[in-house]
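Report on the structure
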Amino acid sequence: GAGYLIGSLPFGYLVAKANGVDIFSVGSRNPGATNVKRCVGKKAGNIVFTLDAVKGFAATAWPILLADGSIYYQLVGLVFAVLGHSFSPFTKFRGGKGVATMLGGVVALMVWAALVGVLVWLAVFYTSRYVSLASICLAASLPLTNLVIGAPAILTWVSLALGAIVVARHKDNIARLLRGEENKFAKK
């Protein structure tokens with residue numbers, strides 16, 4: 001419950017609205033950091049990315065404060081934060097794709113996988129200029145990294161599930177990539 005509630009805080013919607021923009025009616029109509037950056041501005045997009053990552057981190061890290069702050073509570077918090085972000089009750093169950101929220105939680109729980117994921121994201125983005133492709137590759141790298149470093153099996157399985165959620169949320173982007181119609185993130 002708490003992870004879902006934290007994850008469902010619609011920062012992209014709120015930051016865009018504070019700047020006079022209905023994020024659900026511009027660009028990709030997605031309240032994620034990328035669309036906010038494209039449609040509202042770099043500063044607003046960076047704020048949304050940071051807040052979305054913090055909510056993933058908070059939802060994953062707060063169980064440590066409990067008497068029995070086991071890894072299972074952390075994993076539940078992380079998964080539900082991503083689901084809350086993607087299907088927020090505050091925005092009629094519309095939401096972002098979960099990349100920043102997932103990354104924040106992964107930093108709290110799987111730091112090596114997060115580090116490799118960020119490096120993968122940077123390499124793919126700066127060679128292709130596709131945020132979506134970089135995000136999909138980041139998501140795919142998490143279970144692979146956990147497997148290679150010998151992380152507990154539960155981390156590998158949960159990172160696989162999270163990666164599947166993020167990839168599924170990018171289905172329209174994947175279709176556009178395959179058709180050669182996906183928008184590149186251009187330097188201005």
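Residues numbered from 1 in each chain as written. Predicted model: local features only at pLDDT ≥ 70, side-chain atom pairs only at ≥ 80, totals over all residues. Heavy atoms only, no water.

Let us now look at the environment of leucine 109. Note that leucine 109 resides in helix H6 (residues 99-109). Once the C-alpha coordinates of leucine 109 and isoleucine 174 are considered, the two residues, 65 residues apart in sequence, prove to be 28 Å apart. Setting aside residues no more than four positions away along its own chain, leucine 109 makes contact with Thr60, Ile71, Gln74, Leu75 and Leu155. (Helix = DSSP H or I, 4+ residues; strand = E, 2+ residues; numbered from the N terminus. Contact = heavy atoms within 4.5 Å.)

A few words on a nonpolar patch on the surface. A contiguous nonpolar surface patch, about 930 Å² in accessible area, is contributed by Val111, Trp112, Leu115, Val118, Leu119, Leu122, Tyr126, Val148 and Ile149. Counting residues per element, the ones that place at least two in the nonpolar patch are helix H7 (111-128) and helix H8 (131-149). Among the elements that line the nonpolar patch, the one with the most residues is H7, at seven residues. Following the sequence through the fold, valine 111 ends up in helix H7. (Patch = residues over 30% accessible without salt bridge, like charges linked within 9 Å, V, L, I, M, F, W, Y side chains within 5 Å. Areas by Shrake-Rupley, 256 points an atom, 1.4 Å probe, with all protein chains shown as cover. Salt bridge = Lys/Arg side-chain N within 4 Å of Asp/Glu carboxyl O.)

Keep in mind these values describe shape, not function.
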